[in-house]
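Chain by chain, the residues run as shown.
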Amino acid sequence: MPNKIEIIAEIREAILEKGADDIWKCYQCGKCSGVCPWAVVNGINFQTCKIPQMIKLGAVMESEEKDEIADEVKEMFLCIGCEACVNECPKGVGMMNIIRAIRRILVDFGSYPDTLKSLVQKINNVGNPLGEPRENRDKWTDGQNVHLFSPEMEFLYFSCCIPAYDKRMQNVARATTQILQKSKTTFGILGTAENCCSEGIRRVGAEKVFQKVSKANITIFKKAGVKNILVSSPHCFTV
């Protein structure tokens, strides 16, 4: 006899409140699981299509054994947000929003992988996921004749974290500024004042830290008189 699934309405309502409304669109066709990259990885059984149904039943994260709970938590953080499932879904179910709703609850309780906790803490504390000093954020501009943004400039160039700190990716930020300079486009940067866009940790489910950091950036943008923003990262663009 299969194990009986206990329907717990409180679990369902808690996840719905975090943004999982699309579960009602899902009719279990399974196309999402077929296109998920995890489907071609041996030893990983990540069935995307079962998640909306489990939420409907209020049966997500219902285990009581420590090892089983750890496995369930790990499963909820397998999704990388490629959204292949969304593109394939006949109903356009926002699976990433559903999974993120579950993650928000897990993050609120501190029940998520340590590597992700470290990223969230670094962004919260110093404004970047690498844990690098804020005063080094604009070091990539050395010798580039790049100025701080002022209201008369056309664009704010928001390099974000990896092009700012990573030695290899700094070439992207420098090349971008050189193109702008060659085209006679007026632009500036915020330097050490800017924070990570935090789109990555929003996907993790760290909504509270995301809101804190993104609001800090918005405040800085408004104070500086920014009207147009140019970004290098698709994550910054998504935010």
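Everything here concerns the structure above.
Let me begin by describing the structure that accompanies this report. Only a predicted model underlies this, so the values are computations on that prediction, with no experimental measurement involved.

1. A few points about the overall build of the protein chain
Argument step 1. The secondary structure content of the protein chain amounts to 12 helices and 3 strands.
Argument step 2. Seen through its C-alpha atoms, the protein chain measures out along the principal axes to roughly 70 × 35 × 35 Å.
Argument step 3. Expressed as a percentage of the 239 residues in the protein chain, the buried residues total 42%.
Argument step 4. Here the analysis covers contacts within the protein chain between residues at least 6 apart in sequence; of these, 73% occur between residues at least 24 apart.
Argument step 5. Separation of charge centres in the protein chain, based on 31 positive and 28 negative side chains, amounts to 7 Å.

2. Focus on the packing of aromatic side chains
Argument step 1. This model, assessed by the stated rule, comprises 3 aromatic pairs.
Argument step 2. A ring pair is formed by Trp140 and Tyr157, whose centres lie 6.0 Å apart and whose planes are at 85°; its orientation type is edge-to-face. With a gap of 17 residues between them, Trp140 in the loop between α7 (114-126) and β1 (155-158) and Tyr157 in strand β1 connect regions that are remote in the sequence. Tyr157 shares its class with Trp140; the two are buried.
Argument step 3. Lying across the ring of Tyr112, Lys117 places its NZ or CZ 5.6 Å from the centre.

3. Description of the sheet that holds β1
Strands belonging to one sheet form pairs held by backbone hydrogen bonds; the direction of such a pair is parallel or antiparallel.
Argument step 1. Spatial strand order, β2-β1-β3: 3 strands in an open sheet with parallel pairing. Both outer strands of the open sheet, β2 (187-188) and β3 (229-231), are each paired with one neighbouring strand and no more.
Argument step 2. Both β1 and β2 contribute to a ladder of 2 bridges, which runs parallel. What sits directly across from Leu156, in β2, is Gly188.
Argument step 3. The strands that helix α9 (residues 170-182) touches are β1, β2 and β3; relative to β1, the one it contacts most, it runs at about 165°.

4. Structural notes on unusual backbone geometry
Residues other than glycine predominantly adopt negative phi, and peptide bonds predominantly adopt the trans conformation.
Argument step 1. Unlike most non-glycine residues, Cys160 shows phi in positive territory, near 65°.
Argument step 2. Within the fold, Cys160 resides in the loop between β1 and α8 (161-165).
Argument step 3. Unusually for a residue other than glycine, Lys184 sits at a positive phi of about 65°.
Argument step 4. On the secondary structure map, Lys184 appears in the loop between α9 and β2.

5. A closer look at the pairing of β1
Argument step 1. The pairing of β1 with β3 spans 3 bridges and is parallel. Across the sheet, the residue bridging to Phe158 is Val231, located in β3.

6. Quick look at α7
Argument step 1. Here α7 spans 18 Å end to end across 13 residues, near enough to the 18 Å set by a 1.5 Å rise per residue.
Argument step 2. Listing the buried residues of α7 in full gives Leu116, Val120 and Ile123. Seen from one end, α7 has its buried residues packed into an arc of 65°, which puts them on one side. Exposed and oriented more than 90 degrees from the buried face of α7 are Asp114, Thr115 and Asn125.
Argument step 3. For α7, the secondary structure elements touched by its buried residues are α10 (199-204) and α11 (207-224).

Rules behind the numbers
- The residue count restarts for each chain, going from 1 along the sequence in the order it is written.
- Note on the predicted model: pLDDT of at least 70 is required for a residue's local features to be given, and 80 or more for side-chain atom pairs to be given and counted; whole-chain, interface and lining totals, by contrast, use all residues.
- The basis for every side-chain value is the complete set of heavy atoms in the structure, and neither hydrogens nor water enter the calculation.
- Only DSSP runs of H or I reaching four residues or more are called helices, and only runs of E reaching two or more are called strands; each is numbered from the N terminus.
- In this scheme, a residue with accessible area under 20% of its type's maximum is buried, one over 50% is exposed, and one in between is partly exposed, where area comes from a 1.4 Å probe on protein chains only.
- Every residue pair with non-hydrogen atoms within 4.5 Å of one another is taken to be in contact.
- Positive: Lys, Arg. Negative: Asp, Glu. His and the chain ends are not part of the count.
- The atoms used to mark charge sites are NZ of Lys, CZ of Arg, CG of Asp and CD of Glu.
- Between rings of Phe, Tyr and Trp, where Trp is taken as its six-membered ring, a pair exists when centres lie within 6.5 Å; planes separated by under 30 degrees are stacked, by over 60 edge-to-face, and by other angles tilted.
- Put simply, a charge is over a ring when the Lys NZ or the Arg CZ is close to the ring centre, within 6 Å, and near the line of the ring normal, within 35 degrees.
- Two strands are said to pair when DSSP picks up at least two bridges between them.
- For every element, the axis is a line fit to its C-alpha atoms; helices are fit only across the contacting stretch, and the angle between N-to-C directions ranges from 0 to 180 degrees.
- One less than the number of residues in a helix, times 1.5 Å, gives the span that helix is expected to have.
- The directions considered for the arc are those from the helix axis to the C-beta atoms.

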